[in-house]
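# Reading the structure
Letter by letter, the chains look like this.
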Amino acid sequence: MSQKTSAVYARNPLTFILGALFLVGLTLGIHVPATGALAQASRAAPEAATGAGDRPAAPIRTQMVVAAHPLAARAARQMLRDGGTAMDALVAAQMVLNLVEPQSSGIGGGGFLLYWDAAEKRLATYDGRETAPAAAGPDRFLRNDGTPIRWPDAVGTGRSIGVPGIVPMLELAHQVHGDLAWDKLFAPAIKLAAEGFGVSPRLNLLLTAMGADAFNEEGRDYFFDDDGEPHALGEVLRNPALAISFKQIAEFGAAALSHGPIAKGIVTAAREPGVATLTLDDLRDYTAIVRPPVCAPYRGFSICGMGPPSSGGMTVASTLTMLADRDLGDAPNAAALHLILEAEKLAYADRNRYMADSDYVAVPAGLLDPEYLAGRAGTIDSGQTMGRAEPGIPPDLGMMPGNDVSSENAGTSQISIVDRFGNAASLTTTIESAFGSRRMVAGFLLNNELTDFSFAPVDDLGRPVANRVEGGKRPRSSMAPTMVFDAGGDLWAVLGSPGGSRIILYVVKALVAMIDWGMDPQEAAALGIFGSRNGPAELERGADMDAFAADLAALGHEVARPSMTSGLHIIRVTPDTLLGGADPRREGIAIGD
Ligand code: GLY
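Before going into details, it helps to say that this report is about the structure given with it. (Residues numbered from 1 in each chain as written. Predicted model: local features only at pLDDT ≥ 70, side-chain atom pairs only at ≥ 80, totals over all residues. Heavy atoms only, no water.)

## Examining the packing of helix 14 (residues 334–354) against helix 18 (residues 546–554)
We count it as follows: Fitting a line to C-alpha atoms yields each axis, with helices limited to the stretch in contact; the angle taken between N-to-C directions then spans 0 to 180 degrees. Helix and strand assignments follow DSSP, with helices taken as H or I runs no shorter than four residues and strands as E runs no shorter than two, numbered in order from the N terminus. Here is the rule for angles: anything less than 35 degrees is roughly parallel, anything more than 145 is roughly antiparallel, 65 through 115 is roughly perpendicular, and the remaining ranges are oblique. The sense of a crossing depends on the near helix, which, turned anticlockwise from the far helix by less than a right angle, makes the crossing left-handed and, turned clockwise, makes it right-handed. Note on definitions: a residue-residue contact is assigned when non-hydrogen atoms from the two residues lie within 4.5 Å. Residues are grouped as follows: Ala, Val, Leu, Ile, Met, Phe, Trp, Tyr, Cys and Pro are nonpolar; Asp, Glu, Lys and Arg are charged; every other residue, Gly included, is polar.
Axis separation between helix 14 and helix 18 bottoms out at 9 Å; the angle between their running directions is 60°. Classed by the angle they form, the pair helix 14 and helix 18 counts as oblique. Remark: the crossing between helix 14 and helix 18 carries right-handed chirality. Where helix 14 approaches helix 18, its residues Ala334, Leu337, His338 and Leu341 are matched on the opposing element by Phe548, Asp551 and Leu552. Residue composition of the contact of helix 14 with helix 18, grouped by class: five nonpolar, one polar and one charged.

Right under this line is the structure:
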């Protein structure tokens, strides 16, 4: 490389203060305008001085990382500068995120990875989803009387903890796509864990909201002081236990988590009286899986994502396919929002009924059949809402599964990377809800991913639910790491977001914003959020969307204004530049050379 031009869309202090205020507002239920308001993010020139959310996407020429914390993005960029691939950079970013954004992801969790190999022009998708212990059964979340327990009564217990999959998946993908030595990828995270990092506003506020009593002893001792107060904003936090875990994984690979003292620690920390919690055999039997991508055409592009056990790729594909014949205009407008919401309702109705781990249940491929979807799209009336959508009958349906009862939360993160060779990685990585199961072992938190299963194994009609708990099964996810390819088959965009079951809405919003409305990735990330999970029309609280709310209400929509904390991390690939977008609702940045 002849010249390195380094550009950082670093968030300035004002943005941190706005972000902190926004988070305090979320935590306390106070109405604070989001920096990503629809009006601010319209196609008019964004304000220049208020940080990542409102800046135009500055061009980067060679390589780019977008991640949820500057330290993670910088660790990844260092790997790229050292000649590594997007895969090498990804491992470094994930390890640092485990340390500095422990509420969202880490080696005690799972994830899904899309990897574009530019030389071979091949897209691979990797499944590192957590699994239920082999001995888990459909009654895992039922009381003695057969009724489902409440989500809050499950999340912080051993019931919720699945077999972690992220490290086995990264190890597998690194064997195929990595160039740098595996142990080198852990150096930044080991150094930071040993020397310490400054507690961010988001980490401090989420710890304050969660409270010390939510954690096990190791978690309390690490995150809180002797008086039970969370470590202060900017306080340097060291995690020597995690440094040791990282060293073990650097040396022994994923086996360090399934054999030896860390594995025994995981099994002990996950124990729950009277529950079949994970065992050493479960840890040793875990396998990351290469699966076929799910792709759908949309306005001359191919939109590719992750198939089951995630519902993300299929539900994004189904929504966009139903919109393909509709004119959404060239800027956000109420008529377009109505059409998008209606398509999402239909897509979520199918998702909720049919999608689950396809190694355990038959997920009908016909859900993406163009004729089937054309029939579904034909039920959309531009003049009034359908209210609640019913699931359809896809052409290859076998047995009709039951209605699903599951709840998903938002402890997730997105890493998007393009390297100098043109390879790209989109990883959505999670420990499920904020701080996962809140059980810490060997410096990292264990997930609560099993709460993504339906708590009820059968519906009111006695039909088995597709996403019921079964031994070894992976809970259905909404994670939607996505790549877009142009008509020539060249990579056009890399994106994804955290956000639980709203992830699909966030990704659809960003795709429509870029493809239909011509926004750059920063504008697309910041754009006010809209969508429907087959319930009310959800319009982001604090975003300037009152006019849309009124127009949608006039079409019969029940309109809700929830706080929605997407974390869209986007890279647009153009013939000469890379354009980054980091969601202003979180602490991420886009950096590159
Ligand atoms: N736990 C969030 C998801 O997998 O969608």
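## Observations concerning the side chain of asparagine 98
The criterion, for reference: What qualifies as a polar contact is a pair of N or O atoms within 3.5 Å, subject to a donor-acceptor requirement within protein and to the restriction that residues adjacent in sequence count only when both atoms come from side chains.
Mapping asparagine 98 onto the fold places it in helix 3 (residues 86–100). A polar contact of 2.9 Å, which involves the side chain of asparagine 98, links it to the backbone nitrogen of isoleucine 107. If we ignore the near neighbours within four places in the chain, the residues touching asparagine 98 are Ser105, Gly106, Ile107, Leu242, Phe246 and Phe444.

## Examining the sheet that holds strand 19 (residues 559–560)
To be explicit about the condition: When DSSP finds two or more bridges between a pair of strands, those strands are recorded as paired.
Reading across from one edge, 17-18-19 is the order of the three strands in this open sheet, with mixed pairing throughout. A strand with exactly one partner marks an edge of an open sheet, and here the two such strands are strand 17 (530–531) and strand 19. Across two bridges, the pairing between strand 18 (residues 537–539) and strand 19 is parallel. Opposite alanine 537, over in strand 19, you have valine 559 as the bridge partner.

## What about the pairing of strand 10 (residues 301–305)?
The test is simple: Burial status follows relative accessibility: with a 1.4 Å probe on protein chains alone, a residue under 20% of its type maximum counts as buried, one over 50% as exposed, and anything between as partly exposed.
Within strand 10, four of the five residues are buried, which leaves it mostly tucked inside the rest of the structure. In this sheet, strand 10 lies alongside strand 9 (residues 294–298) in antiparallel orientation, the contact comprising five bridges. Note that in strand 10 the partner of tyrosine 298 across the bridge is phenylalanine 301. The hairpin turn running from strand 9 into strand 10, its antiparallel successor, is two residues long, and arginine 299 in that turn takes a positive phi close to 50°. Pairing of strand 10 with strand 15 (residues 482–485), which is carried by three bridges, proceeds in the antiparallel orientation.

## Looking at the site of the ligand
Our working definition: One heavy atom within 4 Å of a molecule or strand is enough for the residue carrying it to be called near that molecule or strand. The Shrake-Rupley method, run with a 1.4 Å probe sphere, supplies the accessible areas, and residue values consider only the shown protein chains as cover.
Residues in contact with the ligand amount to nine residues; listed here are only the nearest, Arg129, Glu449, Asp452, Ser477 and Ser478. One of the side-chain N or O atoms of serine 477 is found 2.7 Å from an oxygen atom in the ligand. Serine 478 places a main-chain nitrogen or oxygen 2.7 Å from an oxygen atom of the ligand. Bound to the protein, the ligand loses 100% of the 200 Å² it would expose on its own. The class makeup of the residues in the shell around the ligand is one nonpolar, three polar and five charged.

## Concerning the packing of helix 13 (residues 312–323) against helix 16 (residues 503–515)
The interhelical angle for the contact between helix 13 and helix 16, taken along N-to-C directions, is 45°, at an axis separation of 10 Å. With respect to each other, helix 13 and helix 16 are oriented oblique. When you trace helix 13 past helix 16, the crossing you get is right-handed. Two secondary-structure elements touch here, helix 13 through Gly312, Thr315, Val316, Thr319 and Leu320 and helix 16 through Ile504, Val507, Val508, Leu511 and Val512.

## Here we look at the state of the cysteines
The condition is simple: The criterion for a disulfide is a pair of cysteine sulfur atoms lying within 2.5 Å.
As enumerated under the stated definition, the model contains one disulfide in all. Bridging cysteine 295 to cysteine 304, the disulfide has an S-S length of 2.1 Å. Looking down the S-S bond of the cysteine 295 and cysteine 304 bridge, the torsion is 115°, so its handedness is right-handed. Taking relative accessible area as the criterion, cysteine 295 reaches 40% and is therefore assigned partly exposed.

## A closer look at the nonpolar core
Inclusion rule: Here, nonpolar core refers to any group of buried Ala, Val, Leu, Ile, Met, Phe, Trp, Tyr and Cys residues whose side-chain atoms link them within 4.5 Å.
Counting 90 residues, the largest nonpolar core has Ile303, Val316, Leu328, Met483 and Trp517 as its most contacted members. Filtering out sequence-adjacent residues up to four positions away, valine 316 remains in contact with Ile303, Ala480, Ile504, Val507, Val508 and Leu511. Ranked by size, the runner-up nonpolar core spans 83 residues in total, among them Ala86, Phe246, Ala250 and Ala269.

## Side note on the pairing of strand 20 (residues 569–573)
The element strand 20 is extensively covered by neighbouring structure, given that five of its five residues are classed as buried. Here strand 20 shows no split at all, with His569, Ile571 and Val573 on one side and Ile570 and Arg572 on the other all buried. As paired strands, strand 16 (residues 491–495) and strand 20 are joined by two bridges and run antiparallel to one another. Its bridge partner being in strand 20, alanine 493 is matched across the sheet by arginine 572. Summarising the sheet, strand 20 and strand 21 (residues 578–582) pair through five bridges and their orientation is antiparallel. Within the sheet, the bridge partner assigned to histidine 569 lies in strand 21 and is alanine 582.

## Quick look at the packing of aromatic side chains
Just so we agree on the cut-off: Each aromatic pair joins two rings of Phe, Tyr and Trp (for Trp, the six-membered one) with centres within 6.5 Å, and gets the label stacked for planes under 30 degrees apart, edge-to-face for over 60, and tilted for any other angle. Note on geometry: a ring has a charge over it if NZ (lysine) or CZ (arginine) is within 6 Å of the ring centre and within 35 degrees of the ring normal.
Following the criterion strictly, the structure yields 11 aromatic pairs and no others. When the centroid spacing of 6.1 Å and the interplanar angle of 55° are considered together, the rings of tryptophan 517 and phenylalanine 530 count as tilted. Of this pair, tryptophan 517 sits in the loop between helix 16 and helix 17 (521–526) while phenylalanine 530 sits in strand 17; the two residues are 13 residues apart in sequence, bridging distant segments of the chain. Exposure remark for tryptophan 517: the relative accessible area of 0% places this residue in the buried category. The lysine or arginine in question, arginine 572, covers the ring of tryptophan 492, its NZ or CZ lying 3.9 Å from the ring centre.

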